[in-house]
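# A structural walkthrough
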Amino acid sequence: MSSQICRSASRAARSLLSSASKTSRFCSEGRAAAAAAAVSLSGKLPLLASAYGRTGSSNVARQWISGALAIPAGVYMLQEQEAHAAEDKCSLSIFFFQLERTFIAIKPDGVQRGLISEIMSRFERKGFKLVAIKITVPSKDFAQKHYHDLKTRAFFDVLCDVFSSGPVIAMVWEGEGVIKYGRKLIGATDPQKSEPGTIRGDLAVVVGRNIIHGSDGPETAKDEINLWFKPEELVNYSSNAEKWLYGVN
């Protein structure tokens, strides 16, 4: 009887230990297994104690019983610690590594001046990832949809005329903070007020020909991406550079 119970306890311990390295969704299973092992053992321990008592080894029985009952609790505590560690690691990873997407367009003046590679390289060198690209000549009606938030401004009609005057390179870039920092890369709307080192600060001169457009916030980015691209045109992939950019192994 005692050897059988020992084997049962050993199997229960090995089973629980083997799952201890898994994530927190197995914690409830660990608790159930620990409870089951404790119940199973508690049902058999009086018989074991009686058997030991007949041989005059009651102290040994009590010590064995105490150790046997501690197995499920000890394994459960180990499992809880492992699960919490996995959750903490996951939380840190999510906290430091949240990708977002933004819409970037090289306007007709930027395309005609041959600045496509120059502009794209600045986003690439920063570490952002290109997930969609197309070249198209937007109609004026499409340009008006794109700039719908500016329709009450005096320059709206001219802006749409320029935007629809030639080919546009439409892109979606992905990365940590790409919306906010993408705007920093682009520079102020007026090139004269853009800092040196920005795209407009280095490559443009006047507001009417500021060569590039970028989403100014999460909602705008979502709307513009949906306007310019179908869901199947957006590519999901992992870049080999990400572990060097974000520390993800």
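Residues numbered from 1 in each chain as written. Predicted model: local features only at pLDDT ≥ 70, side-chain atom pairs only at ≥ 80, totals over all residues. Heavy atoms only, no water.

Right, let's get into the overall build of the protein. Counting secondary structure elements, the protein contains 11 helices and four strands. Partitioning the intrachain contacts of the protein with sequence separation of at least 6 by distance along the chain shows that 78% fall at a separation of at least 24. For the protein, the computed accessible surface area is about 14500 Å², with 56% contributed by carbon and sulfur atoms. (Helix = DSSP H or I, 4+ residues; strand = E, 2+ residues; numbered from the N terminus. Contact = heavy atoms within 4.5 Å. Areas by Shrake-Rupley, 256 points an atom, 1.4 Å probe, with all protein chains shown as cover.)

It is worth spelling out the sheet that holds strand E4 (residues 212–214) at this point. Ordered by their spatial adjacency, four strands build an open sheet running E2-E3-E1-E4, and the pairing between neighbours is antiparallel. Lying at the two open borders of the sheet, with one neighbouring strand each, are strand E2 (129–136) and E4. The sheet shows a mean angle of 20 degrees between the axes of neighbouring strands, taken without regard to direction. Where strand E1 (residues 99–106) lies against strand E3 (residues 168–176), eight bridges are found, and the strand directions are antiparallel. Directly across from Ala105, in E3, lies its bridge partner Ala170. (Pairing = 2+ DSSP bridges. Axes fitted to C-alpha atoms, helices over the stretch in contact; angles between N-to-C directions.)

Once that is clear, we can look at the nonpolar core. Counting 21 residues, the largest nonpolar core has Ile119, Phe123, Trp173, Ile211 and Ile212 as its most contacted members. Counting only elements with at least two residues in this core, the list comes to E1, helix H5 (116–126), E3, helix H8 (178–186) and helix H9 (199–203). With four residues, H8 is the largest single contributor of residues to this core. Ignoring sequence-local partners within four residues, the contact set of Ile212 consists of Ile104, Ala105, Lys107, Ile119, Phe123, Ile186, Ile199 and Arg200. Residues Ala132, Tyr147, Leu150 and Ile225 belong to the second largest nonpolar core, which totals 18 residues. (Core = buried A, V, L, I, M, F, W, Y, C linked by side-chain atoms within 4.5 Å. Buried < 20%, exposed > 50% of the residue type's maximum accessible area, 1.4 Å probe, protein only.)

This next bit is on the UniProt feature "binding site: ATP" (unreviewed entry) in the protein. Sequence positions flagged by UniProt for "binding site: ATP" (unreviewed entry) are, in local numbering, Lys107, Phe155, Arg183, Thr189, Arg200 and Asn210. Here Arg183 lies in helix H8. Look at Arg183 and you get partly exposed, because its relative accessible area is 33%. Setting aside residues no more than four positions away along its own chain, Arg183 makes contact with Gly214, Ser215 and Asp216. Apart from the residues within four sequence positions on either side, Thr189 is in contact with Arg200, Val207 and Asn210. (UniProt positions renumbered as here; feature names shortened; annotations may be inferred.)

Our next topic: H5. Listed as buried for H5 are Ile119, Met120, Ser121, Arg122 and Phe123. Each element contacted by the buried residues of H5 is listed here: E1, E2, E3, H8, H9 and E4. Positive phi appears at Gly127, one or two residues downstream of H5, with a value of about 115 degrees.

Time to look at the pairing of E1. Across a regular strand the side chains alternate sides, sitting on one face of the sheet and then on the other. Summarising the sheet, E1 and E4 pair through three bridges and their orientation is antiparallel. Residue Ala105 lies in a different strand from E4, and its bridge partner there is His213.

Within this structure, the stated rule accounts for nine salt bridges. The residue Glu118 makes a salt bridge to Arg122 at a minimum N-O spacing of 2.9 Å. Remark: Arg122 and Glu118 occur in helix H5; sequence separation between them is four residues, near one turn of the helix. Taking the relative accessible area as the measure of exposure, Arg122 reaches 12% and is therefore buried. (Salt bridge = Lys/Arg side-chain N within 4 Å of Asp/Glu carboxyl O.)

Let's shift gears to the packing of aromatic side chains. Enumeration over the complete set of coordinates arrives at six aromatic pairs. Ring plane angle 45 degrees and centroid distance 6.4 Å describe the contact between Phe123 and Phe128, whose orientation is recorded as tilted. Judged by its relative accessible area of 0%, Phe123 is buried. Exposure remark for Phe128: the relative accessible area of 7% places this residue in the buried category. (Phe/Tyr/Trp six-rings, centres within 6.5 Å; stacked < 30°, edge-to-face > 60°.)

Backbone geometry at Ile211 places phi at a positive 60 degrees, although glycine is not the residue there. With respect to the helices, strands and loops of the structure, Ile211 is situated in the loop between H9 and E4.

Note on placement: Thr198 falls in the loop between H8 and H9. What makes Thr198 buried here is its relative accessible area of 10%. A polar side-chain atom of Thr198 sits 2.9 Å from the main-chain amide nitrogen of Gly201. (Polar contact = N/O pair within 3.5 Å; in protein donor to acceptor, adjacent residues only side chain to side chain.)

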